[in-house]
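Analysis of the macromolecular model
Here is what each chain is made of, one letter per residue.
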Amino acid sequence: MLSRDGFALSAAQIPSADTLRHTQLLYGLVRWLCPTVAVEVGAFHGHSSVWIARALQENKSGRLFIIDDFSLGDTYERLWANLGACHVADITTVIRGNSRECPWPPKIDFAFIDGDHSHDGCKADVDKAAALGAQCIVIHDTTGWWGPRRWATEWKYDGWSKVEAIHDSGLTVMMRNQLKPPVRYGQDENPSGMLQSQRAPVQQLPHQPTPIPVSPGLTGAEGTNGLSRRTVPT
Ligand SMILES: C[S@@+](CC[C@H](N)C(=O)[O-])C[C@H]1O[C@@H](n2cnc3c(N)ncnc32)[C@H](O)[C@@H]1O
């Protein structure tokens, strides 16, 4: 694993299709939630991928599956070079194909959706991630792009909570609701209300990774992904 400074330097060289700062939130969420299987739809050069993978690497468990049809430009070789430069290639699998057609891991914990920016494409990716068990789904560009923005505005998912950050190009975080565990600190035992120093171990999300076959020859239809910059609304 690279030193933190070495990683940050390498990651800073990777261009992004749009905004740059969402990576810090992705990194923090993955560090905090400790997913076993993370999926990123839409990697481009890997600007966000390397931060997700780095968080998994620091967690000492988990694998990142990238799904990209490279319709925005054939960045496949560049993506692998950037994953290698950041020393996270060994925990990453790239699935080359359209996210609506290609195989996804059979069970996932965490998803970052930044691929097809049409409304229907965004919705299809989120629905797929939810159906495969994701506990947390992060959607990029929910302010700056018409498709994800309309999806976020019309958002209606029973059993989920969402935080929509209007900042920058917009980022929406969806978390699956779950029953609250019992209170760990009672006022009776600890009248000052201060947290005790004893902490329970971090809990992993509940399942083991399942390897899936990668189809290197699978490519997606080009030009159908709503990503044309000419379609950005004012
Ligand atoms: C906005 S870029 C991703 C940017 C990257 N996540 C970042 O933060 O730097 C969108 C990527 O999604 C890919 N893409 C677009 N439509 C797709 C689809 N239907 N299936 C898979 N990948 C898709 C494009 O090839 C492109 O690499």
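Description of the structure in this document. (Residues numbered from 1 in each chain as written. Predicted model: local features only at pLDDT ≥ 70, side-chain atom pairs only at ≥ 80, totals over all residues.)

**A look at the sheet that holds strand β7 (residues 171–176)**
Note the following rule: The criterion for strand pairing is that DSSP finds at least two bridges linking the strands in question. Helix and strand definitions follow DSSP, with helices as H or I runs of at least four residues and strands as E runs of at least two, each counted in order from the N terminus. As a rule, the C-alpha atoms of each element are fitted with a line to give its axis, helices using only the stretch in contact, and angles between N-to-C directions run from 0 to 180 degrees. What counts as a contact here is a pair of residues whose C-beta atoms, placed from the backbone, lie within 7 Å.
An order of β3-β2-β1-β4-β5-β7-β6 is seen for the seven strands of this open sheet, with the pairing classed as mixed. Each edge of the sheet is formed by a strand with only one pairing partner; in this case those strands are β3 (92–96) and β6 (160–165). Taking the axes of each pair of neighbouring strands and ignoring which way they run, one obtains an average angle of 15° across the sheet. One ladder, built from six bridges, connects β6 with β7; its direction is antiparallel. Note on β7: the bridge partner recorded for Val163 is Val173. Across the face of the sheet, helix α2 (residues 22–33) comes into contact with β1 (37–41), β4 (110–113), β5 (136–140) and β7 while running at roughly 175° to β5.

**Details of the nonpolar core**
Operational definition: Here, a nonpolar core means buried Ala, Val, Leu, Ile, Met, Phe, Trp, Tyr and Cys residues linked by C-beta atoms lying within 7 Å of one another. Here the C-beta atoms are placed from the backbone, and a residue counts as buried if at least 20 other C-beta atoms lie within 10 Å of its own, exposed if 12 or fewer do, and partly exposed otherwise.
Among the nonpolar cores identified, the biggest contains 48 residues, and Val30, Val39, Ile52, Ala111, Ile113 and Ile137 are the most heavily contacted of them. A total of six residues in this core trace back to one element, the largest contributor, which is helix α3 (residues 49–59). In contact with Ile52, not counting residues within four places along its chain, are Leu26, Val30, Ala38, Glu40, Leu64 and Phe112.

**Points about the environment of Arg54**
Counting through the fold element by element, Arg54 comes out in helix α3. A count of 27 C-beta atoms within 10 Å places Arg54 in the buried class. Linking Arg54 and Leu83, residues 29 residues apart in sequence, is a C-alpha distance of 9.8 Å. The residues touching Arg54, leaving out its near neighbours within four places in the chain, are Phe7, Tyr27, Cys86 and Val88.

**Considering the packing of α2 against α3**
Which entries qualify depends on this criterion: Note on angle classes: values under 35 degrees are labelled roughly parallel, values over 145 roughly antiparallel, values of 65 to 115 roughly perpendicular, and the remainder oblique. Should the near helix be turned anticlockwise from the far one by less than a right angle, the crossing is termed left-handed; should it be turned clockwise, right-handed. Put simply, Ala, Val, Leu, Ile, Met, Phe, Trp, Tyr, Cys and Pro go in the nonpolar bin, Asp, Glu, Lys and Arg in the charged bin, and everything else, Gly too, in the polar bin.
Orientation of α2 relative to α3, taken along the N-to-C sense of each, is 25°, at an axis distance of 8 Å. The pairing of α2 with α3 is recorded here as roughly parallel in orientation. Handedness of the crossing formed by α2 with α3: right-handed. Residues Thr23, Leu26, Tyr27, Val30 and Arg31 of α2 touch α3, and the partners they reach there are Trp51, Ile52, Arg54, Ala55, Leu56, Glu58 and Asn59. Residues belonging to the contact of α2 with α3 are distributed by class as follows: seven nonpolar, two polar and three charged.

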